[in-house]
Amino acid sequence: MELCLIFINTTKTTQLVFCIVLGLADFAQFVSHLKSVPNMSSLPCHLSHSELCEKMENKEESKSCSVSVLTWEQVSRLDEVLTEVVPVHGRGNFPTLEVRLKDIVARVRSRLELSGIRVKDVRLNGSTASHVLVQDIGWSYKDLDVIFRVDLPHEAEFRLSKDVVLGTLLDFLPEGVNKEKITPMTLKEAYVQKLVKVNTEQDRWSLISLSNNNGRNVELKFVDSIRRQFEFSVDSFQIVLDSMLAYYELAETPMSQAFHPTVSGESMYGDFSMALSHLRNKLIATKRPEEIRGGGLLKYCNLLVRDFRPASEEEFKGLERYMCSRFFIDFPDIGEQQRKVEAYLQSHFIGEEKSKYDYLMILRRVVNESTVCLMGHERRQTLHLISLMAFRVLAELNAIPDASCVTCYYQPAPYVRDHNFSNYYVANQNIPTWLPCN
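Residues numbered from 1 in each chain as written. Predicted model: local features only at pLDDT ≥ 70, side-chain atom pairs only at ≥ 80, totals over all residues. Heavy atoms only, no water.

Next up on the list: the sheet that holds strand β11 (residues 237-240). Spatial ordering of the open sheet is given by β3-β12-β11-β6-β7-β10-β9-β8, a layout of 8 strands whose pairing is mixed. Each having just a single partner strand, β3 (67-69) and β8 (192-199) make up the two edges of the open sheet. Sheet twist, expressed as the average angle between the axes of neighbouring strands with direction ignored, equals 20°. Where β8 lies against strand β9 (residues 204-210), 7 bridges are found, and the strand directions are antiparallel. Considered in β9, the bridge of Lys-197 is made with Ser-206. Sheet contacts for helix α7 (residues 184-191): β8 and β9; angle to β8, the most-contacted strand, approximately 110°. (Pairing = 2+ DSSP bridges. Helix = DSSP H or I, 4+ residues; strand = E, 2+ residues; numbered from the N terminus. Axes fitted to C-alpha atoms, helices over the stretch in contact; angles between N-to-C directions. Contact = heavy atoms within 4.5 Å.)

Dropping the structure here:
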């Protein structure tokens, strides 16, 4: 049996939270030792999983808990993600920035607070959080999504969060670069791939995505409020990073199984254990897909191509119709549909060119079988678009046979079979049915 003790060292200005994992036999001895340590003013008892849920989760969900404490193996993988060097590629002659996620996140948080914006917490989100929780599930994480939970009551806070990120990039420029002549606008043009701002009654958030040529963009998201934070249960996880950032700042001892920060994770799906089970068993589950922009259709097909399967086949037959309907409501124009699918392929299949064709064929099948909101010619137009995109992928892979090896069968024109039509010439020789294309 293992016990997790959380203790606070008040000898430092900033309170530092650690996790000590001990055998039960050592517990009494450890407590006795702690009482003899000077300035050890408090020794809170271990918060069990159920107690943590009671404190952090909505009390109405009494039968499930969205919060859980990470194991040492998961904390170790999180440490690898946060300390890995990620290149931020510059356009033109701008140098590549060597960035560690823990460094840029800590600096952005510090500058936000110095500027008067209180950061409630910082969270790792999306596929990277899923990778931390369950390794080797058949798909690699792409973007490094980090959420800063802040208040954005006015336009000034939106602008300030952007300026803070751009100002932080100056810290990562190589030595010898004259930083005084580099403006925020210059940094934006050189290193920012995408800027998004949403300011409505129900959604208030902004996003700054830093460029990476391999698709592993660092995405910093500043969230005041957002209606929908996940598409499917397997990508609904958020990992709170505050204790990790405190450890990096103050601890002098390397992390180990016996000495590491307590890190909590949350599933926005609602039930952490169930969502984690879906992730481990590669099951697809969601709630109210009609609330998701695009219906979650593209993500759903991405999961299918990676050998995930619906948790309930019967239920998903109906959910597929909702996905398709919402997708075509949000992207009614054929040009919008093409741009959306192409952008998704570009951002989610870098280095996986062979999977693009399979993905498009799955997308075509779902659209063909589950679309009920389009007129016949609109549906055929979309299916034709997907088929052309799949054909282009095969061409890029050189999967189309050499034309010199292809023969074509020519059928006679319809009027040739019309017995009333005689204005044509019939050669007095045997013409082969199969003629080579060349």
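So, next bit.
This brings us to the side chain of Asn-212. With respect to the helices and strands, the residue Asn-212 is situated in the loop between β9 and β10 (218-225). You can call Asn-212 buried: its relative accessible area is 7%. At 3.2 Å, the side chain of Asn-212 forms a polar contact with the backbone nitrogen of Arg-216. Residue contacts for Asn-212: discarding those within four places in its chain leaves Val-86, Pro-87, His-89 and Asn-217. (Buried < 20%, exposed > 50% of the residue type's maximum accessible area, 1.4 Å probe, protein only. Polar contact = N/O pair within 3.5 Å; in protein donor to acceptor, adjacent residues only side chain to side chain.)

Packing of helix α12 (residues 334-348) against helix α13 (residues 353-370) brings their axes to within 11 Å, and their N-to-C directions diverge by 145°. α12 and α13 meet at a crossing whose hand is right-handed. Judged by residue contacts, Val-341, Tyr-344 and Leu-345 of α12 engage Lys-356, Tyr-359, Leu-360 and Leu-363 from α13. The residue makeup of the contact of α12 with α13, split by class, is 6 nonpolar, no polar and 1 charged. (Left-handed = near helix turned anticlockwise from the far one by under 90°. Nonpolar A, V, L, I, M, F, W, Y, C, P; charged D, E, K, R; others polar.)

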